[in-house]
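# Commentary on secondary and tertiary structure
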Amino acid sequence: MQESEMKAWWDSSHMAGANAAYVEELYEAYLEEPQSVSDSWRQVFDSLPKVEGAELEKNHSVIRDQFKKLASLGPTARMTIPSQEGATSSDGRQVKVLQLINAYRFRGHQHANLDPLGLWQQPRVRDLELAHHNLSEDDFDIRFNTGSYAYNGESMSLGDLFKSLNRTYCGSIGAEYMHITDTEQKRWLQQKIESVQAKPEISTDKKKQILKDLVAADGMEKYLSSKFPGAKRFSLEGGDALIPMLKGLISEAGTAGAKEVVVGMAHRGRLNVLVNVLGKNPSVLFDEFAGKHDDSLGSGDVKYHAGYSSDFATPGGNVHLALAFNPSHLEIVNPVVMGSVRARLVRRNNDSSKVLPITIHGDSAIAGQGVVQETFNMSQTRGFAVGGTVRIVINNQVGFTTSKLEDTRSTQYCTDIAKMVQAPIFHVNSDDPEAVAFVTKLALEYRNKFKKDVVIDLVCYRRHGHNEADEPNATQPLMYQKIKKHPVPRVLYADQLIAEGVIEQRDADKMLDDYRAALDHGACVVDEWRPMTEHSVDWSPFIGHDWDVEYDHDISIEKLKELGEKISSYPEEVKLHSRVNKLYQDRKAMTAGEKRIDWGMAENLAYADLVDRGTSIRFTGQDSGRGTFFHRHAVLHNQSDGSTYMPLQNIRDGQGAIEIYDSVLSEEAVMAFEYGFATAEPSCLTIWEAQFGDFANGAQVVFDQFLSSGEAKWGRLCGLTVLLPHGYEGQGPEHSSARLERFLQLCADHNWQVCVPSTPAQVFNMLRRQMLRPMRKPLIVMSPKSLLRHAQATSTIEELATGVFHNVIGEIDELEPSEVKRVVMCSGKVYYDLLDQRRKNEQTDVAIIRLEQLYPFPSEECAKVVANYSHVKDWVWCQEEPQNQGAWYNSQHHFWATIPEGAKLSYAGREASASPAVGYVSVHNQQQKALVEDALTIK
Ligand code: AMP
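Note that the coordinates shown come from a computational prediction; the quantities given were computed from them, not determined experimentally.

This part is about helix α30 (residues 859–866). Three or more residues of α30 are buried, namely C862, V865 and V866. Along the axis of α30, the buried residues cluster in a sector spanning 95 degrees; they form a single face. Turned more than 90 degrees from where α30 packs its buried face, E860 and K864 sit exposed. On the buried face of α30, the contacting elements are β20 (808–809), β22 (846–851), β24 (874–882) and α31 (888–898).

Now the structure itself:
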């Protein structure tokens, strides 16, 4: 090679760029197994410096430096490049060929034929051009070493290689995987994709099945459109390949051993999936279109939000399918699906091949909604991993009416977010259903092998605009001119199969006729549909009870002491931090009856009792192991080696499982995950705890769209317990209020419980009640902060042993009822401020009643307590929250109904305020003093 040529090569060299990665890969392979690289590369690597006894990574970095040095030395630095016939060691073409291969692996997707409409403006990628690598068609006949390129052996002529690279990386599939740093994964993907040039042989039967599924996808929409013209159905048309794709995915999953598949999707194409994949009876759907409904299903939901369950026959046996109910909030269903899958995995010994989550996204939503990032972040964590999710994007290139790239996202692809977890991404042209089938199988294999998320970007279009009543030409004129002329996927594929001689036109016509006839007949159209037998949870024990249903809540003092001993013990080798040690010593003293029981002890005792009874517990939140306020310490951290130990996991052999995880720093996805878990598992006490209660508003959509209304809309029970630290202690606007008013506002139809327990005995029995009572309703708890260490907020072991949660607690001091002139009702921490002040005042004319459950309002229990004061005309509701917040406005109708007839009810609390609390402690103290005084002062 001439010196000038050499210089040009070095200048354009990827030695420190893309090609460096390739050479590094080769080198890594060589380090692992020298025989795995060709003789010529082995000679090169043998001649490089070695670091005696060094770790592989160290060795590797030395070599990387060596490559960099070679690159910087330029043309004078001669390195013997391995070569094959035709390319001499010194002319550098061999390296350029390897660079070319690498360039296709990195950037081939940018020239792939992905858009069925051909509207995408693809950038020119010079790396994919021969000239960029100083190669030309003149070199086509020369054979080169093809390194790790997995097609057709170790060497190829440049002409064949170039064709092969284009076929593999620039056909209907754009594979993005070179961002994955793990060499094994990368090599595995290369092997799978390159060995078949991204286009494996497909059997005639499979081709016919794909066409049949496309006929179903198209036929279903056409049928609905003719029967119910103009009705909203969020048609799949344009993305028809989703149907053969999903059926193929489920079938492959079943073949690989899956027993359950949980699917989350938004409204686009949902009716099609319900009928053509899950086997919902079309006549039921048609009835829904006609406005018929089942009154027993509560308030119900629109048909394109409905979930469904069925079984599906696969070569590996039947697979249970569950399509999750979904509100209109696109991406929020994904963590719900993952939580549901996690619960099912726990039941199946955490074998991730047994349960597959599939989430279906929109192109604008996956890029636009932050909860997607949260789920990717959770995907590999201890508490939230589900062995990988297959994520499918129905990329119709428009978000409602917004299509311009510069308006919908700041990334080239809508799927770029997946790179944060180094998930492989397969973009695929949906008009090539065979390519779709290939990436679908590949995605599943990858997920099962590496237990990681994987993304399929199904590039398609939307034939009718956002919905069928829409006029898409108004906002997407060029796209819709194109769509109008574009043949439907069924026709395209039928023509392909006819051209290949696989079928004849009449076969295609018959498929269409048969499908329409099946719809007319109104019977299930999915051959693989089977009645449900594969799901293992029986919800019937939790259905049809009232709040006062009898349940076994007894617990003896001996049992409490035995459990107390267990939860305050740990192995000798666990060295505790001095503060934790003190706390555990205290717990021992509480067990022995030498100290009153505090909150942390009572809570741990409740968990101990439940696991001792065989119930399992799942508890997550940002600091759940220790507790935000240093009170729980259910997870001990050994000071000598950082290991952890959980006394609660060591109660007895065969106990219920308990898992406590500090969660990722998110509310929305974590809460949704726990909702999903709790709706799939009634036998596990599932708890989510907010760090401070107000942070729960980061998960507002989960409270509104799922937790408070899921049973009313979808008949789905959920026993999720939510602990929200709440209380006015001068910590400012963001750490005082869990926004009690919002939860009370959402109360109706006995949808959930809102509790404000004020003693350790109460929290103990509240948590037990949540599991032992045969009902599964969400429990919202305003949990305490300062009360965790309040001298008065303690209980005796006997109080715990009553076994009962009291919805109302009457006066505890020995007041003579007839002397009482005023009754103050309150909830939570303010009770102790009132009690303290009244005792200081030595008042006997004001009684204090605590409402420990605000919803369902305990009218009967209240009536019993109120009966003592039927002569009292002066009743007060006292709260710490500002007047427009807390319970005053949302529960007032209950208070009025409670007090004696003719009595007056007044308010003692902070003035209405836009902010939940003041920022200055001194102002807080003044306010607190004033409201307590106001409550106790009889005017
Ligand atoms: P799945 O495994 O989610 O498909 O559920 C199978 C069946 O169990 C459903 O069709 C329901 O009948 C019942 N089921 C599942 N989850 C719940 C729930 N959270 N509440 C009540 N019933 C449920």
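Looking now at the packing of helix α12 (residues 333–347) against helix α23 (residues 668–680). α23 packs onto α12 with a crossing angle of 45 degrees between their chain directions and a minimal axis gap of 6 Å. Relative to α23, the element α12 lies oblique. Handedness of the α12/α23 crossing: right-handed. Residues P335, V336, M338, G339, S340, R342, A343, R344, V346 and R347 of α12 lie in contact with α23, whose contacting residues are A669, A672, F673, Y675, G676, F677 and A680. Partitioning the contact of α12 with α23 into residue classes produces 11 nonpolar, three polar and three charged.

This brings us to the environment of V635. Summarising the element assignment, V635 is placed in the loop between β12 (616–621) and β13 (636–637). Considering only alpha carbons, one finds V635 and Y661, 26 residues apart in sequence, at a separation of 9.1 Å. Setting aside anything within four residues of it in sequence, one finds V635 in contact with G625, T644, Y645, M646 and I660.

So, about the nonpolar core. With 109 residues, the main nonpolar core has F45, L242, I358, I360, I392 and F426 as its most contacted residues. Considering each element in turn, this core owes the most residues, 10 residues, to helix α16 (residues 433–450).

In this section: the side chain of H361. Take H361: it is sitting in strand β7 (residues 355–362). Classification of H361 as buried rests on a relative accessible area of 3%. Here T359 takes part through its side chain, which lies 2.8 Å from a polar atom of the side chain of H361. If sequence neighbours within four positions are ignored, H361 has contacts with E331, N334, I366, R391, I392, V393 and I394.

Taking the UniProt record as the reference, the feature "domain: Transketolase-like pyrimidine-binding" (unreviewed entry) is found at residues 597–790. Secondary structure across residues 597–790 divides into 30% helix and 18% strand, with the first and last C-alpha atoms of the span separated by 11 Å.

Counting buried positions along strand β6 (residues 317–323) yields five of seven residues, so the element is predominantly enclosed. Note: strand β4 (residues 260–264) against β6, four bridges, orientation parallel. Counted as the bridge partner of V262 is A322 from β6. In the sheet, strand β5 (residues 308–314) pairs with β6 via seven bridges, with the strands oriented antiparallel. Bridging across to β6, D311 finds its partner in H320. Between β5 and β6, which pair antiparallel one after the other, the connecting turn spans two residues.

Looking at the ligand, there are 11 residues lining it, with S309, H320, R344, T679 and L717 nearest. Taking T679, its main chain carries an N or O atom lying 2.9 Å from a nitrogen atom of the ligand. Summarising the interface, the protein chains cover 80% of the accessible area of the ligand, which totals 480 Å² for the free molecule. Here the residues of the shell around the ligand sort into four nonpolar, five polar and two charged. Looking at which domains feed residues into the shell around the ligand, each of domain 3 (206–530) and domain 4 (557–801) gives three or more.

On the surface, D546, D548, E550 and E860 cluster together into a patch of negative charge. Note that D548 resides in the loop between β11 (529–530) and α20 (557–567).

Attention now moves to the pairing of strand β21 (residues 822–826). In terms of burial, β21 is largely enclosed, as five of its five residues are buried. The two faces of β21 match: R822, V824 and C826 on one face and V823 and M825 on the other face are all buried. In this structure, β21 lies alongside β22, joined through five bridges in parallel fashion. Residue pairing in the sheet places M825 in a bridge with I849 of β22. Considered for its hand, the β-α-β crossover made up of β21, helix α29 (residues 830–841) and β22 is right-handed. With four bridges joining them, β21 and β24 adopt parallel strand pairing. By the bridge assignment, V824 is partnered in β24 with V876.

This part takes up the sheet that holds strand β19 (residues 779–783). What the seven strands build is an open sheet, ordered β15-β12-β16-β17-β19-β18-β23; its pairing is mixed. Each having just a single partner strand, β15 (658–662) and β23 (853–855) make up the two edges of the open sheet. When strand polarity is set aside, the average angle formed by the axes of neighbouring strands in this sheet is 20 degrees. In the sheet, strand β18 (residues 753–755) pairs with β23 via two bridges, with the strands oriented antiparallel. Counted as the bridge partner of V754 is Y855 from β23.

Strand pairing in a sheet relies on backbone hydrogen bonds, with the paired strands running either antiparallel or parallel. Judged by pairing direction, the sheet is mixed, and its nine strands sit side by side in the order β3-β9-β10-β8-β7-β4-β6-β5-β11 without closing on themselves. If you trace the sheet from one side to the other, it starts and ends with β3 (173–176) and β11, each paired once. Each of β4, β5, β6, β7, β8 (390–395) and β10 (454–459) touches helix α9 (residues 242–255); the most contacted strand, β5, lies at about 65 degrees to it.

Parameters and conventions
- Residues numbered from 1 in each chain as written.
- Predicted model: local features only at pLDDT ≥ 70, side-chain atom pairs only at ≥ 80, totals over all residues.
- Heavy atoms only, no water.
- Buried < 20%, exposed > 50% of the residue type's maximum accessible area, 1.4 Å probe, protein only.
- Helix = DSSP H or I, 4+ residues; strand = E, 2+ residues; numbered from the N terminus.
- Arc of directions from axis to C-beta.
- Contact = heavy atoms within 4.5 Å.
- Axes fitted to C-alpha atoms, helices over the stretch in contact; angles between N-to-C directions.
- Parallel < 35°, antiparallel > 145°, perpendicular 65-115°, else oblique.
- Left-handed = near helix turned anticlockwise from the far one by under 90°.
- Nonpolar A, V, L, I, M, F, W, Y, C, P; charged D, E, K, R; others polar.
- Core = buried A, V, L, I, M, F, W, Y, C linked by side-chain atoms within 4.5 Å.
- Polar contact = N/O pair within 3.5 Å; in protein donor to acceptor, adjacent residues only side chain to side chain.
- UniProt positions renumbered as here; feature names shortened; annotations may be inferred.
- Pairing = 2+ DSSP bridges.
- Near = heavy atom within 4 Å.
- Areas by Shrake-Rupley, 256 points an atom, 1.4 Å probe, with all protein chains shown as cover.
- Domains from an automatic or database assignment.
- Patch = residues over 30% accessible without salt bridge, like charges linked within 9 Å, V, L, I, M, F, W, Y side chains within 5 Å.
- Salt bridge = Lys/Arg side-chain N within 4 Å of Asp/Glu carboxyl O.
- Lys, Arg positive; Asp, Glu negative; His and termini not counted.
- Charge placed at Lys NZ, Arg CZ, Asp CG, Glu CD.
- Right-handed = clockwise from strand over helix to strand, strands pointing away.

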